[in-house]
Structure formats: C-alpha cells, structure tokens
Amino acid sequence: MHAAVLSSFDAPPVYRDHPEPVATGADEMVVEVLAAGLHHLTRAKATGSHYSGTGALPLIPGADGVVRDPSGQLRYAVLDDTSAGTFADRTVIDARRSVVLPQDSDPVLIAAAMNPGMSSWVALRRRVAFTPGQRVLIIGATGNAGRMAVQVAKLFGAGHVIAAGRDAARLATLPALGADQTCTFDRIDEAADVDVVLDYVWGEPAATAMIPLLTARSDRTAPLAWIQIGSMGGATAPVPSVALRSARLQILGSGIGSVPARDFIAELPELAAAVAQGSIDVRARAVPLADIAQAWTAGTDDRIVLVPGR
C-alpha cells in the first residue's frame with residue numbers, strides 16, 4: 001500500500017510504499033481510508049509540538065478520518081497516539097473509538113468538519129452547563145474552527161453570538177453563518193456582556209483583551225466562563241491577577257485530557273448528523289494523498305482533506 005511517511009521534523013511527509021498495517025488488539029480492525037483531514041492538530045501531533053503527541057519518528061500522520069470497515073460500513077474514526085495514522089491507503093482503528101455513519105455520507109465533508117467542529121461542540125456540551133439564550137463570544141472566529149464555532153453556538157440556541165478576529169474581510173462573512181455581531185480585538189469591550197468565551201487564540205492577544213472586556217461588563221458579578229481551546233496567538237498568556245479578582249471569571253480548557261475520550265466519542269454521532277444534514281457549512285478541498293508534500297505547507301482557507309487512491 002501507499003502512505004505519507006514523516007521521517008524528519010524539517011521536511012514534509014513523503015508519499016511512498018509502506019508495509020500493510022496489522023490489527024493486534026481484540027477491538028482493532030484494518031480499515032480502508034476514504035478521507036482524512038489535514039488539521040492543525042494533525043501537524044502538531046506529527047511534529048511533537050502538541051501536548052498529546054509522542055514526537056517519535058518515523059510515523060504516518062493523521063489523527064482521524066472516514067474509513068470503510070471490513071463489513072463495508074462507513075465509520076468516522078479517531079486514532080489514539082500511534083505511528084500508523086490515517087494518511088495511508090489502510091490503517092488500524094479501535095472500533096470503540098469510531099462511530100458508524102450513514103452509507104450516503106460524504107467522506108470528504110465529514111473528514112473536513114469533525115475535528116474543527118468538535119472543538120466548540122464539546123466545549124459547550126461537556127465543559128459548561130450551556131443553556132439556550134446565553135451569549136457567546138468567539139475569539140479567533142475567522143479560522144476554520146472558529147468559523148464552525150459560530151454555527152455550533154447558534155445550533156445550540158445561543159441568544160447572541162459575537163465573532164471576534166483581526167481580519168475584517170473574513171469577519172464580514174460571518175453574519176451569513178449566524179454571527180449576530182462582529183468586532184476586531186481592539187473593540188473587544190463591545191462584547192463585554194457575554195456568558196461564555198470560546199478562545200481559539202490565547203497568548204498575548206487573549207490576555208490583552210481580557211481586562212477591557214471584564215472592565216466593560218455591566219455586572220461583574222455575573223458568571224463568565226472563558227474556555228481556552230486553541231493557542232494560535234501563543235502557548236502562554238500573561239493573565240493579570242486583577243482579572244481573576246475583579247470579576248466572576250472562570251478560566252477552563254477543553255481538549256484531550258480535560259474531556260474524557262468517551263465523552264468525545266459520545267458526541268460524534270450528533271455532530272456527524274448535523275454536518276450530513278447541512279446544518280453546518282463546511283469548506284473542504286479534496287487533495288490526492290500523493291500530493292501530501294505540497295498540501296502539508298499549503299496556505300488556504302479551505303480545510304484540506306487527503307484522499308488516498310486519487
């Protein structure tokens with residue numbers, strides 16, 4: 001079979017022949033890969049920069065994907081830490097970390113949407129007691145995951161969704177997806193009276209935005225859950241102590257470890273159904289797995305989905 005193999009942190013994976021995978025555990029099965037998303041998580045785990053990655057080489061990247069199992073069923077599968085990922089013709093999955101999909105599912109759309117969509121979906125379902133009518137601020141809403149977070153929040157019944165980002169042109173596209181309001185980081189005080197913040201940026205930008213937002217709140221004793229999801233702005237944020245003392249602020253994270261794997265798996269079927277039904281708009285671009293070297297470093301607003309056999 002063919003696979004994309006990463007042998008150096010300084011170079012993209014190479015498309016080449018690779019030995020067939022072998023299932024060894026009782027719940028494992030060898031599956032045919034139909035589509036696998038090239039996510040930020042995938043790159044970070046492959047290069048060892050993500051906290052859940054091992055950093056061991058060589059490896060086949062790919063943290064998830066749409067596969068066909070030996071019985072012919074379509075599944076969306078999430079892989080645990082492994083050197084045999086989904087950027088290959090075939091891989092090994094643990095059936096317990098997968099969900100069966102309707103046979104008419106579009107593998108490319110599902111593969112593109114599940115990883116970025118799950119970030120906000122799980123944050124609102126599993127990290128806070130979110131209720132319809134609450135107000136949500138999304139910091140970093142112009143990225144793929146943030147763009148989907150706007151839609152997920154509205155799908156869950158958010159009363160008001162505010163999308164914040166640096167790129168005014170990209171912000172202008174978000175009202176069509178459900179954003180009730182947009183703002184740039186320097187006008188973050190306009191989003192002060194929210195109940196939940198979904199933060200895909202962190203770093204200095206988040207810390208800088210925190211005080212103006214808290215200061216402008218009409219009632220500082222009203223609870224505010226700040227959920228840290230991504231760190232595009234930096235791995236650490238110099239949060240001032242006054243932010244924690246001057247308002248009823250709770251900072252918490254959502255990701256692998258803070259949410260049990262079983263909770264992620266439990267949410268997969270409903271998210272997959274929402275994508276399949278068109279309730280969430282997905283920008284996906286299918287790319288042959290053979291073109292992995294170019295795709296690995298490509299700059300695009302679309303979610304690249306690698307398709308073996310093309």
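The structure under discussion appears in the preceding block.
Reading guide: rules and limits
Residues numbered from 1 in each chain as written. Predicted model: local features only at pLDDT ≥ 70, side-chain atom pairs only at ≥ 80, totals over all residues. Heavy atoms only, no water. Helix = DSSP H or I, 4+ residues; strand = E, 2+ residues; numbered from the N terminus. Buried < 20%, exposed > 50% of the residue type's maximum accessible area, 1.4 Å probe, protein only. Contact = heavy atoms within 4.5 Å. Areas by Shrake-Rupley, 256 points an atom, 1.4 Å probe, with all protein chains shown as cover. Lys, Arg positive; Asp, Glu negative; His and termini not counted. Charge placed at Lys NZ, Arg CZ, Asp CG, Glu CD. Salt bridge = Lys/Arg side-chain N within 4 Å of Asp/Glu carboxyl O. Axes fitted to C-alpha atoms, helices over the stretch in contact; angles between N-to-C directions. Parallel < 35°, antiparallel > 145°, perpendicular 65-115°, else oblique. Left-handed = near helix turned anticlockwise from the far one by under 90°. Nonpolar A, V, L, I, M, F, W, Y, C, P; charged D, E, K, R; others polar.

S.K.: So what's going on with the overall build of the chain? Residues and values would help.
M.R.: Each helix and strand counted, the chain has 8 helices and 15 strands in total. Judged by the C-alpha coordinates and their principal axes, the chain covers about 60 × 40 × 35 Å. Taking all 310 residues of the chain together, the buried fraction comes to 51%. Taking all contacts inside the chain whose residues are at least 6 apart in sequence as the whole, residues at least 24 apart take part in 71%. Carbon and sulfur atoms make up 51% of the accessible area of the chain, which amounts to about 13,300 Å² in all. The centroid of the 26 positive side-chain charges in the chain is displaced by 4 Å from the centroid of its 31 negative side-chain charges.

S.K.: Describe unusual backbone geometry, naming the residues involved and giving the relevant values.
M.R.: The phi torsion at Trp202 lies on the positive side, around 55 degrees, for a residue other than glycine. Looking at the secondary structure, you find Trp202 in the loop between strand 11 (196-199) and helix 5 (203-215).

S.K.: Could you give me a rundown of the pattern of salt bridges, with the residues and numbers involved?
M.R.: This model, assessed by the stated rule, comprises 13 salt bridges. Between Asp27 and Arg96 there is a salt bridge, and its shortest N-O distance comes to 3.3 Å. Here Asp27, found in the loop between strand 2 (14-17) and strand 3 (28-37), pairs with Arg96, found in the loop between strand 6 (90-94) and strand 7 (98-100); they are 69 residues apart in sequence, far enough to count as distant. For the salt bridge of Arg187 with Glu190, the shortest nitrogen-to-oxygen distance reads 2.6 Å. The exposure class assigned to Arg187 is partly exposed, which follows from its relative accessible area of 45%.

S.K.: Any details on the packing of helix 2 (residues 107-127) against helix 3 (residues 144-155)? Residues and values, ideally.
M.R.: How two helices sit against one another is set out by the angle between their axes and by the gap between those axes. It is the contact of helix 2 with helix 3, at a shortest axis distance of 9 Å, that shows an interaxial angle of 50 degrees. Here helix 2 is positioned oblique relative to helix 3, judged by the angle of their axes. Considering how the two elements wind past one another, helix 2 and helix 3 form a crossing that is right-handed. Contacts between helix 2 and helix 3 pair Ala113, Pro116, Gly117, Ser119, Ser120, Trp121 and Leu124 from the former with Ala145, Met148, Ala149, Val152, Ala153 and Leu155 from the latter. For the contact of helix 2 with helix 3, the class distribution of residues is 10 nonpolar, 3 polar and no charged.

S.K.: Can you explain the environment of Leu155? Please cite residues and give values.
M.R.: Considering the arrangement of structural elements, one finds Leu155 in helix 3. Distance in space between the C-alpha atoms of Leu155 and Pro132 is 9.5 Å, their sequence separation being 23 residues.

S.K.: Before we move on, can you summarise the environment of Asp189 with the specific residues and values?
M.R.: The residue Asp189 is located in the loop between strand 10 (181-183) and strand 11 in this model. In the structure, Asp189 is positioned 49 residues away from Pro238 in sequence and 19 Å away in space, judged by C-alpha atoms. Beyond its immediate stretch of four places on either side in the chain, Asp189 contacts Pro212 and Ala216.

The values are spatial; any link to function lies outside them.
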